[in-house]
Amino acid sequence: MKFTQLRLAGFKSFVDPTELRIDAGLTGIIGPNGCGKSNLLEALRWVMGATSAKSLRGGGMEDVIFSGTDSRPARNHAEVTLVVDNSDRRAPARFNEHDTLEVVRRITRGKGSGYTINDEDVRAKDVQLLFADAGTGANSPALVRQGQISELINAKPENRRRVLEEAAGVAGLRARRREAQLK
Ligand code: ATP
Ligand code: MG
């Protein structure tokens, strides 16, 4: 499962539609302070189903919507699309007939957020499981926030274990067990 494109509109500082191609190998993002590098990583985390406002450096979920500048009014809507190459057929059975998956998350002020995969409405859980199985969820150890290393060192053992489970690729199994127990 490979990420091939990230598209943003109205998300944080990316008010205008922005398209980012992700090629094989290493991608570097460079630019002056405040140009939006971290916002791009947050967009990636958000579209994969991040629910913690803290991991998105905001107070509430609507803080991801462009909040306006001196010259431009705020928006009411934010949308992030992640295009995933599924030619290795790693997606869960329900989505696995597709070569390409377009995962979209949108949020509208006062109306909350929703997800689609290839235009089909899905739950946050479906998106989270899709990426958790591929070892690259919103809480994946591959995405390192500022301050996260010291948090890890000071973490309680059970929280540290959660990071190891993500790294070992079994986080999806734990989430599924929890869901099965709720039913
Ligand atoms: P640094 O090099 O300092 O780490 P950076 O390139 O990572 O900078 P970001 O932190 O991604 O920069 O971007 C910060 C900018 O995004 C700030 O100018 C901030 O005002 C803007 N920003 C964040 N959230 C929003 C929002 N909801 N609406 C509009 N602008 C926002
Ligand atoms: Mg930054």
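## Some remarks on the overall build of the protein chain
Here is step 1: When helices and strands are tallied, the protein chain shows five helices and six strands.
Here is step 2: Start at the N end of the protein chain and walk to the C end: the helices and strands fall as β-β-α-β-β-β-β-α-α-α-α.
Here is step 3: In terms of overall dimensions, the protein chain is globule-like: its C-alpha atoms have a radius of gyration of 17 Å, near the 16 Å expected for 183 residues.
Here is step 4: Projected onto the principal axes, the alpha-carbon positions of the protein chain cover approximately 50 × 45 × 40 Å.
Here is step 5: A burial count over the protein chain gives 26% of its 183 residues as buried.
Here is step 6: Relative to all contacts within the protein chain whose residues are 6 or more apart in sequence, the contacts with residues 24 or more apart total 53%.

## Side note on the environment of alanine 180
Here is step 1: By the secondary structure assignment, alanine 180 is in helix H5 (residues 171–182).
Here is step 2: Through-space distance from the C-alpha of alanine 180 to that of alanine 91 is 19 Å; in sequence the pair is 89 residues apart.

## Let's talk about the sheet that holds strand S6 (residues 120–122)
Here is step 1: Reading across the sheet, the six strands line up as S2-S1-S3-S4-S5-S6 and stay open at both edges, with antiparallel pairing between neighbours. Either end of the sheet is taken by a strand with one partner, and the two such strands are strand S2 (18–21) and S6. Ignoring which end each strand starts from, the neighbouring axes of this sheet average 20° apart.
Here is step 2: Here strand S1 (residues 2–9) runs beside S2; their pairing, made up of four bridges, is antiparallel. Bridge pairing links leucine 6 to leucine 20 in S2.
Here is step 3: Contacts from helix H1 (residues 37–47) reach S1, strand S3 (77–85) and strand S4 (100–108) within the one sheet, and its direction differs from that of S3 by about 80°.
Here is step 4: Contacts from helix H2 (residues 124–133) reach S4, strand S5 (112–117) and S6, with the element oriented near 55° to S5.

## A look at the nonpolar core
Here is step 1: Within the largest apolar cluster, 31 residues are counted, with the highest numbers of intra-cluster contacts made by Ala43 and Val47.
Here is step 2: Residues within four places of valine 47 in sequence aside, it is in contact with Val80, Leu82, Val103 and Arg105.

## Describing unusual backbone geometry
Here is step 1: Non-glycine residue lysine 12 carries a positive phi angle of around 45°.
Here is step 2: Mapped onto the elements of the fold, lysine 12 is located in the loop between S1 and S2.
Here is step 3: For arginine 89, which is not glycine, the phi torsion reads 55° and is therefore positive.
Here is step 4: On the neighbour-count criterion, arginine 89 (12 C-beta atoms within 10 Å) is exposed.

## Points about the environment of arginine 174
Here is step 1: Examined against the element boundaries, arginine 174 turns out to sit in helix H5.
Here is step 2: Assessed through the 13 C-beta atoms surrounding it within 10 Å, arginine 174 is described here as partly exposed.
Here is step 3: Expressed as a C-alpha distance, the spacing of arginine 174 and serine 52, which sit 122 residues apart in the sequence, is 19 Å.

## Digging into the confidence of the model for the protein chain
Here is step 1: Averaged over all residues, the pLDDT of the protein chain equals 89, while 96% of them reach at least 70.
Here is step 2: What the predictor reports for the complex is a pTM of 0.84 with an ipTM of 0.98.

## Some details on the site of ligand 1
Here is step 1: Inspection of the region around ligand 1 gives 14 residues, with Ser13, Asn33, Lys37, Ser38 and Asn39 positioned closest.
Here is step 2: When the residues that make up the shell around ligand 1 are grouped by side-chain class, the tally is three nonpolar, eight polar and three charged.

## With respect to helix H4 (residues 157–168)
Here is step 1: Here H4 is twelve residues long and its end C-alpha atoms lie 16 Å apart, about the 16 Å a rise of 1.5 Å per residue gives.
Here is step 2: Among the twelve residues of H4, one are classified as buried, and the element is accordingly described as predominantly exposed.
Here is step 3: Looking one or two residues past H4, glycine 169 carries a phi angle of roughly 80°, positive in sign.

The rules behind each value
Residues numbered from 1 in each chain as written. Chains lettered and ligands numbered in written order. Predicted model: local features only at pLDDT ≥ 70, side-chain atom pairs only at ≥ 80, totals over all residues. Helix = DSSP H or I, 4+ residues; strand = E, 2+ residues; numbered from the N terminus. Rg over C-alpha atoms; globule rule 2.2 N^0.38 Å. Buried ≥ 20, exposed ≤ 12 C-beta atoms within 10 Å, placed from the backbone. Contact = placed C-beta atoms within 7 Å. Pairing = 2+ DSSP bridges. Axes fitted to C-alpha atoms, helices over the stretch in contact; angles between N-to-C directions. Core = buried A, V, L, I, M, F, W, Y, C linked by C-beta atoms within 7 Å. pLDDT = per-residue confidence, 0-100. Near = placed C-beta within 6 Å. Nonpolar A, V, L, I, M, F, W, Y, C, P; charged D, E, K, R; others polar. Expected span 1.5 Å × (residues − 1).

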